[in-house]
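Structural overview
Spelled out, the chains give:
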Amino acid sequence: MADIQTSASDKKEKEYFLDTPQAAPGFFLKGAHQYDWGLKNRLSRVFNPKDGRTVMLAFDHGYFQGPTTGLERVDQTILPLEPYADCLMLTRGIQRSVIPASTTKAIALRASGGTSMISPMEEWEGDVEGKKIKLQRPNFEPLSNESTALTIEEAIRLNASVLAVQVFIGGAYERQTLKNLTDLVDAASRYGIGVMGVTAVGRAMARTAQYFRLATRIMAELGANVVKCYYTDEDFDTITSCCPVPIVIAGGKKLPELDALKMCYNAIQQGASGVDMGRNIFQSDAPVAMMQAVQGVVHGGLSPAQGYELYSELKGQGVK
Ligand code: R5P
């Protein structure tokens, strides 16, 4: 019987071999040493071969949220950040309409969709300043009813390095979203394009190391070349250790800048291969400064405090 209760307790060192990185003989990227040339080359555009890390700038939120705060005008808010990103994670609509085709950045193209924030809203009783009031929130069950959202020919036309597909492990449409992943892996691997499995989180899907170990490993086993999940304060190293392909972290809701930089730093220290971050950059008071601070922490060896100092200095100089 399969074990979904993998623990990360006192047996952590013995089970997860935290001091022994997985070997990738002859190539810099975890799990990628036996891929074909084209796929290795595309992944080398996403991950910097010098350190094996990436700063992916995620601004695909509109695929189900519409004009998210900070993304109302992608041409105004995102284009100034482009020079500091290794990879742009976006939808084909924004790529064609806003991103200059002269960009040399790698493309992580959103390849699943078909639901919106609005239709699956549900009422719930929330607590606001001690008072119980009726609020609305997205119901993640219908939200998980995604399909693949582009063909492989379209991905080739748009020169995607990786395709991003949302997977809802434990959600109502778990099976369908895993089928979306495997269909995209089958199609993309014919042309040496990578697939990034994106862990979706809903209420039924706790943001725990145990949940992310399960979700990331399933996606890797089913063929994802890169996996995206959230950072966990506890046992994040066990998630990266038992996932055989690179993990990048999403940023999640906007945090104070120093906290976001600490999260990036801790994730990298514990085996993440980079960040795929959106709101903590484009919703910052000074997104261009924040982008450079994240770069400094991921690629430049800065501590969170040094990254924050850089952010403050740039912001003080008027860098927005
Ligand atoms: C979800 O809408 C997308 O996959 C985002 O790209 C992802 O959530 C990362 O963005 P953030 O750092 O804002 O969480």
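Our subject in this report is the structure included herewith. Keep in mind that this is a model prediction, so the values were computed, not measured. (Residues numbered from 1 in each chain as written. Predicted model: local features only at pLDDT ≥ 70, side-chain atom pairs only at ≥ 80, totals over all residues.)

A short note on the sheet that holds strand β12 (residues 274–277)
Convention followed: Pairing between strands is defined by DSSP: at least two bridges between them are needed. The helix and strand labels rest on DSSP assignments: H or I over at least four residues marks a helix, E over at least two residues marks a strand, and numbering proceeds from the N terminus. What counts as an axis is a line fitted to C-alpha atoms, over the stretch in contact for a helix, and the angles between N-to-C directions run from 0 to 180 degrees. Contacts here follow a simple rule: the backbone-placed C-beta atoms of the two residues must lie within 7 Å.
On the basis of which strands lie adjacent, the closed barrel formed by eight strands has the order β1-β2-β3-β8-β9-β10-β11-β12 and parallel pairing. Averaged over all pairs of adjacent strands, the angle between their axes in this sheet comes to 25 degrees, without regard to strand direction. With three bridges connecting them, strand β11 (residues 247–250) and β12 associate as parallel partners. The residue of β12 that forms the bridge with I249 is V275. The sheet contacts of helix α9 (residues 209–221) involve β8 (162–167), β9 (194–199), β10 (226–229) and β11, and relative to β10 the element is tilted by about 160 degrees.

Regarding the nonpolar core
The line we're drawing: Joined through C-beta atoms within 7 Å, a set of buried Ala, Val, Leu, Ile, Met, Phe, Trp, Tyr and Cys residues constitutes a nonpolar core. Buried, partly exposed and exposed are defined by the number of other C-beta atoms within 10 Å of a residue's own C-beta, namely 20 or more, between the two limits, and 12 or fewer respectively, with C-beta atoms placed from the backbone.
Counting 89 residues, the largest nonpolar core has A108, L163, C264 and V294 as its most contacted members. Those residues in contact with C264 that lie beyond four places of it in its chain are V275, V294, V297 and V298.

So, the site of the ligand
Applied cut-off: Each residue receives a C-beta atom placed from its backbone. It is near a molecule or strand if this atom lies within 6 Å of it. Classification convention: Asp, Glu, Lys, Arg as charged; Ala, Val, Leu, Ile, Met, Phe, Trp, Tyr, Cys, Pro as nonpolar; all other residues, Gly among them, as polar.
Neighbouring residues of the ligand: 13 residues in total, closest A58, A250, G251, G278 and R279. In terms of residue class, the shell around the ligand is made up of five nonpolar, five polar and three charged.

Points about unusual backbone geometry
In the Ramachandran plot, F17 falls in the positive-phi region, its phi being about 45 degrees despite a non-glycine side chain. Here F17 is to be found in the loop between α1 (12–16) and α2 (37–46). Classification of F17 by C-beta neighbours within 10 Å gives exposed; the count is 12. A positive phi angle, near 60 degrees, is found at D235, a position not held by glycine.

Section: the pairing of strand β1 (residues 54–58)
Side-chain direction in a regular strand flips from residue to residue, so the side chains alternate between the two faces of the sheet. Counting buried residues along β1, five of its five residues qualify, which places the element largely inside the surrounding structure. Because side chains alternate across β1, one face comprises the buried residues T54, M56 and A58, and the other comprises V55 and L57, equally buried. Looking at chain direction, β1 and β12 are connected through four bridges and run parallel. Across the sheet, residue T54 finds its bridge partner in β12, namely G274. As paired elements, β1 and strand β2 (residues 87–90) share three bridges and run parallel to each other. Across the sheet, M56 pairs through a bridge with C87, a residue of β2.

Examining the packing of helix α11 (residues 257–269) against helix α13 (residues 287–298)
Definition in use: To sort the angles, those under 35 degrees are grouped as roughly parallel, those over 145 as roughly antiparallel, those from 65 to 115 as roughly perpendicular, and the leftovers as oblique. For any pair of crossing helices, the crossing counts as left-handed if the nearer helix is rotated counterclockwise from the farther one by less than a right angle, and right-handed if it is rotated clockwise.
Following both chains from N to C, one finds α11 and α13 inclined at 25 degrees, their axes separated by 9 Å at the closest point. Considered as vectors, α11 and α13 are oriented roughly parallel to each other. Every pair of crossing elements has a handedness; the one defined by α11 and α13 is right-handed. Across the interface between the two elements, E257, L261, C264, Y265 and I268 from α11 touch M290, A293, V294, V297 and V298 from α13.

Remarks on the environment of K179
Mapping K179 onto the fold places it in helix α8 (residues 174–189). Looking at K179, the number of C-beta atoms within 10 Å reads 14, which means it is partly exposed. Separated by 32 residues in sequence, K179 and S147 place their C-alpha atoms 8.9 Å apart.

Describing the packing of α11 against helix α14 (residues 304–316)
Two elements in contact, α11 and α14, have axes separated by 9 Å at closest approach and are oriented at 135 degrees. Classified by the angle their axes make, α11 and α14 are oblique. As for how α11 packs across α14, the hand of that crossing is right-handed. Counting all contacts with α11, which are made through E257, L258, L261, K262 and Y265, the residues of α14 involved are P304, G307, Y308 and Y311. Here the residues of the contact of α11 with α14 are counted per class, giving six nonpolar, one polar and two charged.

Focus: α13
Quick reminder of the rule: Expected helix span is given by 1.5 Å per residue-to-residue step, counting one fewer step than there are residues.
The end-to-end C-alpha distance of α13, which contains twelve residues, comes to 16 Å, matching closely the 16 Å that a straight helix rising 1.5 Å per residue would cover. Among the twelve residues of α13, eleven are classified as buried, and the element is accordingly described as predominantly covered. Among the residues making up α13, those that are buried are P287, A289, M290, M291, Q292, A293, V294, Q295, G296, V297 and V298. If you follow the buried residues of α13, they end up packed against β1, α4 (74–77), α11, β12, α12 (279–282) and α14.

In short, geometric facts, not functional conclusions.
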